[in-house]
Amino acid sequence: MTVRVRIAPSPTGNLHIGTARTAVFNWLFARHQGGKFILRIEDTDTERSRPEYTENIKSGLTWLGLNWDEGPFFQTNRLDLYKKAIQQLLDKGLAYRCYCTSEELEQMREAQKARKQAPRYDNRHRNLTEEEKAAFVAEGRRPVIRFKIEDERLIEWNDLVRGKVTWKASDLGGDMVIARAAENPEAEFGQPLYNLAVVVDDTDMGITHVVRGEDHIANTAKQILLYEALGAKVPEFAHTPLILNEKGQKLSKRDGVTSIDDFKEMGFLPEAMANYMSLLGWTPPDSTEEIFTLSQAAEKFDLDRVNKAGAKFDWAKLDWINSQYIHNMPADKLVELLVPYWQKAGYKVDLESDRPWLETLTALIGPSLTRLSDAPKESRLLLGESLEYSEDAIEQLQKEGVGEILTSIKEAIESYSQLTQDDAKDIVKKVTKQAKVKKGLVMRSLRAALMGELQGPDLIQSWLLLSQKGLDKVRLQQSLEQSMTSES
RNA sequence: GGUGCCGUAGACAAAAUGGUAAAGUCACCUGUCUUUCAAGCAGGAAAUUGCGGGUUCGAUCCCCGUCGGCACUGCCA
């Protein structure tokens, strides 16, 4: 039997991290089993569904490297299938028309709550007489279709993550709505609803394993009933733990950044995101190494190593994983990812005309980056024209003898048309000897003069970069003025 | 209110068919390298395995209870 799994997002928002993580698990499972990973867009909620969200979901999955083998299928293109299934249930007497108004239902639930009872539909229209039906119709009411749920049923399945799960049908809230009321008075019934559409699709698409978040557990119980009613084979189920926010609640849009787009924008790499998401609730068998690609994970992935407890989302760990990917990326590749962030920050960089310089810059600041978006901040002193001296840099510049040292360096530079690394080192050595001071003093002073700060990436490299832009002389001059004015 | 699930260090978590001092990773701290920061490397600290009881020679792993957290409880998905 070939394994077939699916990710079935609804296009009512951008690709959410929770959906993406579910997609990761499905993808890993499919790849490990040599099965198929299918994308299905659940757009039966026509009110809230938007094509741009579908696009966002597709591009997000693609960005993460979660390629699908079939689809995307759209539920709105498959309405006939659902209609047929609903009609079938109606014909078999397993479903019926319910004419309750939403006000009536709400009132009923309120009353139940007031009596401290569990809110549920009381199946009041299950056995309407023809006269009663006719009366509702005459009132202009349009019915929904409800699927009968027999309270005494016990639903059981062997969950691939949680083991044996049992559910009493009486805890499912009464007969469930599977189709909305028709908007068109001619129609038999309206839009099919989630649980019905899912079961029809999963059956039709030959889905063998349904891997989804544990917030769907109650739906699984309902859906098993539907599979049986439709005479379909029940697939295997696996319910993964939820991703939790800092407070331990299900991560939701209210927690700020939750869409994959946002993470991309913030400078996270797709490999890092996928890596981190796979670790949210799953551990590889020999788990001392936590940096791995999706394909490497797929080799070892198994649902029985998926954890049952919810996983708290940890920015620090994501950052660390992201930094690992950035640090291990060759500069010629990394630079291409950095350019947009520089440009967004207002720096006029042009990869085509300035590639070697930008690549050297990238190699220099690479190890300081946690997110791609750190690039402007980490490289601003090398990219920017003007310089603001920090307090300790000014202090450094005002130290005795520093002015002379900088002057010597400035003079030394004049004799080079193009400074090389060796030249730079030679100059430092010479000036150090000449001034009879420690090398540290020269380096610190030079750093203060060139960068305006006392800390940062390798100074010689930074100097060379500035030199290639002709900025070293300018800054040396500027710092000399700075030290003079302050000295007086 | 009901139902379900979960509860190992700040976070993610491993392991034991019940058996010697409970993996690993991040964060944190220290050292090292360096002109400096970061990265890297080396090391350190951190858990009476939610709590109480039971079974047992022995439980964190089994049983009972309890507390806490979360999820679900829609003509959303």
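Residues numbered from 1 in each chain as written. Chains lettered and ligands numbered in written order. Predicted model: local features only at pLDDT ≥ 70, side-chain atom pairs only at ≥ 80, totals over all residues. Heavy atoms only, no water.

Q: Describe the overall build of chain A, listing the residues and the values that go with them.
A: Summing up its helical and strand segments, chain A has 20 helices and 12 strands in all. Over its C-alpha atoms chain A spans a radius of gyration of 32 Å, topping by over 25% the 23 Å that the globule rule assigns to 488 residues. Counting only C-alpha atoms, chain A reaches 110 × 50 × 45 Å along its principal axes. Each of the 488 residues in chain A was classed as buried or not, and the buried ones make up 48%. The long-range fraction of contacts in chain A, counting pairs at least 24 apart against all pairs at least 6 apart in sequence, stands at 76%. (Helix = DSSP H or I, 4+ residues; strand = E, 2+ residues; numbered from the N terminus. Rg over C-alpha atoms; globule rule 2.2 N^0.38 Å. Buried < 20%, exposed > 50% of the residue type's maximum accessible area, 1.4 Å probe, protein only. Contact = heavy atoms within 4.5 Å.)

Q: Quick one: what's the story with the nonpolar core, residue by residue and with numbers?
A: Nonpolar side chains in soluble globular proteins tend to be buried together. Core analysis: the biggest nonpolar cluster contains 101 residues, and Leu64, Met273, Phe313, Trp342, Leu361, Ile409 and Trp463 have the highest contact counts within it. Broken down by element, the residue count for this core peaks at 9 residues, all from helix H1 (residues 17-33). With 36 residues, the next largest nonpolar core counts Val165, Ala169, Val200 and Met205 among its residues. (Core = buried A, V, L, I, M, F, W, Y, C linked by side-chain atoms within 4.5 Å.)

Q: Mind laying out the environment of Asp350, listing which residues take part and the relevant values?
A: Along the chain, Asp350 turns up in the loop between helix H12 (331-344) and helix H13 (351-365). Distance in space between the C-alpha atoms of Asp350 and Val339 is 7.8 Å, their sequence separation being 11 residues. The residues touching Asp350, leaving out its near neighbours within four places in the chain, are Arg355 and Leu358. Within the structure, the side chain of Asp350 is placed 2.7 Å from the side chain of Ser353, a separation counted as a polar contact. (Polar contact = N/O pair within 3.5 Å; in protein donor to acceptor, adjacent residues only side chain to side chain.)

Q: Now, about the protein's contact with RNA strand B: what can you tell me, with residues and values included?
A: In the vicinity of RNA strand B, 59 residues are found, and the nearest of them are Asp45, Lys116, Ala118, Arg162 and Gly456. Within 4 Å of the protein, atoms of RNA strand B come from sugar and phosphate in 70% of cases. Arg48 places a side-chain nitrogen or oxygen 2.7 Å from a sugar or linking oxygen of RNA strand B. Within the side chain of Arg447, one N or O atom sits 2.9 Å away from a base nitrogen of RNA strand B. Looking at the surface near RNA strand B, the elements that each hand over two or more residues are helix H4 (102-114), strand S5 (144-147), helix H7 (217-229), strand S12 (311-312), helix H11 (315-327) and helix H18 (439-451). Per-element tally for the surface near RNA strand B: the top contributor is H11, with 5 residues. Its residues assigned to classes, the surface near RNA strand B comprises 21 nonpolar, 17 polar and 21 charged. (Near = heavy atom within 4 Å. Nonpolar A, V, L, I, M, F, W, Y, C, P; charged D, E, K, R; others polar.)

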